[in-house]
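# Coordinates in review
The residues making up each chain are set out below.
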Amino acid sequence: MSSSFLNVQGLRKSFGGHLVVLDDINFQMEAGERVVVIGPSGSGKSTLLRCVMGLEKIDHGRIELEGVRYIEANPKSHKDNFVDIPVRNKVGMVFQHYTLFPHLTVLGNLILAPMRARGESRSSATQRAMQLLGRLGLESKAGAFPGMLSGGQKQRVAIARALLLDPKIMLFDEVTSALDPELVTEVEGLMLELAEQKMSMMIVTHDMWFAKRIATRVIFSADGRIIEDAPPSTMFTNPREPRTADFLKKVLHVETIS
Amino acid sequence: MNITAALGFLWDYRLALFIGLGNTLYFTAVGLAFGLALGFLVSVVRQVGHPVLKVIATVYVEIFRGTPVLIQLFWFFFCLPALLGMELGNVFSTVLTLSLYMGAISSESFRAALKAIGSEQRDACVALGLPARVSVPYVILPQTVMRAVPTLLSNCVTLFKESALVSAVGMADLMYQGQMIADATARPIEILTATALIYFVIAFSVTRTVTFYERSYLSRMRL
């Protein structure tokens, strides 16, 4: 048991037993940290987030939140993971493709889990949802269906839906990748607001400028391993590992960003 | 042809046609009720059922989709009672055939709709901590039904029209009544045209409803 806020130990994930996507991942983060994971496509960044959320069965290792183990591989069977669902439910996640429920209104999307899974009354859930939507400037959209919203609005609703469950940590998996460039700022702006409120976050993004702005720590991963783990100031200006430098050079078309 | 005379002639037989239409709607409605329930069940079995059940369900669906309804009707009217050595009753045989046929074609619509719900929706359910008792009735089922509605309504129209075949085994549906009047009066043009028109008006309204539903509802939700 560790005192870290989030503790990933010896995490190994393969698909079909041979395609190893994550190999012996060990990392810890403290509450209020904002860890951005960068790396080439197929390096396992999204899979790492999906494992922390419990969306993927892991082959080996364990994951703890606030010192409590909530996911652990079963050494006898790869298909069978130990999952402590109440602890896992303290983790919130937002996906690249919004994943709003298209048949429910914005308000319906927000209050479904609090009402049906957590036993909150409709009036209380609605009140909290409307407050949150108000804060995000989406109050007028409460009765709209997701199909009627812009990409940026959808993604902010998706973030609001996760926030309404009071998560201890939020996972963001390429949440701006599907958005038109002019809509990216409204979503990033909301994430920066959450950062100011000291929300713990793990973020996978291809946007290095945003990574530099929001991260307290940056992890560079490649081939299913963590290659470098450093504060953004070091990572983007003076990376230790040649592979990190190579990658940053490719994605930024310049040596470093200042 | 004198239109007024033709309409007057049809008016004389309105009751017979009306009874026929009533029977057609009855066979269609009962076939739909049992067929839709069976179709949903079969689609779920084919998705998550025991391997043996899956094979049985698949064989059933393929047989009923791959043979003419007319043969199915004859088989349940003449062959099944002979094999069982007992009377089944004409209405029972009719309803049984139509239900099994509808079950087979609607199970495919349900199956396609179930498959169309992406894994991302399931991921969202996990990320929101929704247990199956919440995610199935509030997320998966409504989307399945909504997606399946257009094809299911088309299936209904198909069943409604195919039900005319029950006239071949002597059931007094709209088609049968039309044929009888045409034979008795030797005026097939008026009667068969009127019968076709009745089928058309009903089928066409359902088809238009499908289009309206798809345009207004499904497109709004971008399902």
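Residues numbered from 1 in each chain as written. Chains lettered and ligands numbered in written order. Predicted model: local features only at pLDDT ≥ 70, side-chain atom pairs only at ≥ 80, totals over all residues.

## As for the overall build of chain A
Helices and strands together make up the secondary structure of chain A, namely nine helices and eleven strands. A globule of 258 residues ought to have a C-alpha radius of gyration of about 18 Å, and chain A, at 19 Å, matches this closely. For chain A, the spread of C-alpha atoms along the principal axes amounts to about 55 × 50 × 35 Å. The proportion of buried residues among the 258 residues of chain A is 43%. For chain A, the proportion of contacts with a sequence separation of at least 24, taken over those separated by at least 6, is 61%. (Helix = DSSP H or I, 4+ residues; strand = E, 2+ residues; numbered from the N terminus. Rg over C-alpha atoms; globule rule 2.2 N^0.38 Å. Buried ≥ 20, exposed ≤ 12 C-beta atoms within 10 Å, placed from the backbone. Contact = placed C-beta atoms within 7 Å.)

## Topic: the overall build of chain B
Each helix and strand in chain B was counted, giving nine helices and zero strands. When its helices and strands are written in sequence order, chain B yields α-α-α-α-α-α-α-α-α. Its C-alpha atoms put chain B at 70 × 50 × 25 Å along the principal axes. The buried share among the 223 residues of chain B stands at 34%. Within chain B, contacts between residues at least 6 apart in sequence are counted, and of these 78% link residues at least 24 apart.

## Description of the environment of Ala194(B)
Take Ala194(B): it is sitting in helix 9 (residues 188-221). Between the C-alpha atoms of Ala194(B) and Met175(B), which are 19 residues apart in sequence, the distance is 11 Å.

## Let's talk about the UniProt feature "transmembrane region" (unreviewed entry) in chain B
All names here are of chain B. As recorded in UniProt, the sites labelled "transmembrane region" (unreviewed entry) are residues 26-45, 57-78 and 191-213. End C-alpha atoms of residues 26-45 are separated by 28 Å, and the span's content is 100% helix alongside 0% strand. Summarising residues 57-78: 91% helix, 0% strand, and an end-to-end C-alpha distance of 24 Å. (UniProt positions renumbered as here; feature names shortened; annotations may be inferred.)

## Digging into helix 7 (residues 132-162) of chain B
An ideal rise of 1.5 Å per residue puts 45 Å on 31 residues; helix 7 of chain B reaches only 39 Å between its terminal C-alpha atoms. Maximum bend of helix 7 of chain B: about 50°, positioned at Val149(B), with proline Pro150(B) one to four residues after it. (Expected span 1.5 Å × (residues − 1). Bend = angle between axes of the 7 residues up to and from the residue.)

## Some details on the sheet that holds strand 8 (residues 169-173) of chain A
All names here are of chain A. Ordered by their spatial adjacency, six strands build an open sheet running 7-8-9-3-10-11, and the pairing between neighbours is mixed. At either margin of the open sheet sits one strand with a lone partner, and together these are strand 7 (91-94) and strand 11 (225-230). This sheet shows a mean twist of 20° between the axes of neighbouring strands, independent of strand direction. (Pairing = 2+ DSSP bridges. Axes fitted to C-alpha atoms, helices over the stretch in contact; angles between N-to-C directions.)

## Structural notes on the nonpolar core
Looking at soluble globular proteins, one finds that nonpolar side chains tend to be buried together. Residues Val36(A), Val52(A), Met93(A), Val94(A), Leu171(A), Phe172(A) and Met202(A) are the most contacted members of the largest nonpolar core, which totals 79 residues. With near-sequence residues (within four places) excluded, Val52(A) lies in contact with Val8(A), Ile63(A), Val91(A), Leu171(A) and Met202(A). Membership of the second largest hydrophobic core comes to 33 residues, among which are Val42(B), Val61(B), Ala164(B) and Leu174(B). (Core = buried A, V, L, I, M, F, W, Y, C linked by C-beta atoms within 7 Å.)

## Some details on the packing of helix 2 (residues 14-48) of chain B against helix 3 (residues 51-66) of chain B
To characterise two packed helices, one gives the angle between the axes of the helices and the distance between these axes. Residue and element names in this part refer to chain B. Axis separation between helix 2 and helix 3 bottoms out at 8 Å; the angle between their running directions is 135°. Between helix 2 and helix 3, the angle falls in the class oblique. As helix 2 packs across helix 3, the resulting crossing turns out to be left-handed. On the side of helix 2, the interface is formed by Val-42, Val-45 and Arg-46, while helix 3 contributes Leu-53, Lys-54, Ala-57, Thr-58 and Val-61. Here the residues of the contact of helix 2 with helix 3 sort into five nonpolar, one polar and two charged. (Parallel < 35°, antiparallel > 145°, perpendicular 65-115°, else oblique. Left-handed = near helix turned anticlockwise from the far one by under 90°. Nonpolar A, V, L, I, M, F, W, Y, C, P; charged D, E, K, R; others polar.)

## Section: the interface of chain A and chain B
Chain A puts 20 residues into the contact, and the matching count from chain B is 20 residues. Of all elements in the fold, only strand 7 and helix 3 (106-117) of chain A reach the threshold of two or more residues within the side of chain A that touches chain B. Residues of the side of chain A that touches chain B, tallied by class, amount to twelve nonpolar, seven polar and one charged.

## Looking at the pairing of strand 5 (residues 68-74) of chain A
All names here are of chain A. Pairing analysis gives four bridges linking strand 4 (residues 60-65) to strand 5, with the strands arranged antiparallel. By the bridge assignment, Ile-63 is partnered in strand 5 with Ile-71. Connecting strand 4 to the next strand, strand 5, in antiparallel fashion are two residues, including Glu-66 with a positive phi near 50°.

## Things to note about the environment of Met29(A)
Residue and element names in this part refer to chain A. Within the secondary structure, Met-29 is located in strand 2 (residues 19-29). Residue class for Met-29 comes out buried when judged on the 20 C-beta atoms lying within 10 Å of it. The spatial distance from the C-alpha of Met-29 to the C-alpha of Met-202 is 9.4 Å, given a sequence separation of 173 residues. If near-sequence neighbours (up to four positions away) are discounted, Met-29 is found in contact with Ser-4, Phe-5, Leu-6 and Val-35.

## A closer look at the packing of helix 2 of chain B against helix 7 of chain B
Residue and element names in this part refer to chain B. Look at helix 2 against helix 7: their axes get within 9 Å of each other, and the N-to-C directions meet at 140°. Of the possible angle classes, the one that applies to helix 2 and helix 7 is oblique. In this structure, helix 2 meets helix 7 at a crossing whose hand is right-handed. On helix 7, the residues touching Thr-28, Gly-31 and Leu-32 of helix 2 are Cys-156, Leu-159 and Phe-160. Taken together, the residues of the contact of helix 2 with helix 7 sort by class into four nonpolar, two polar and no charged.

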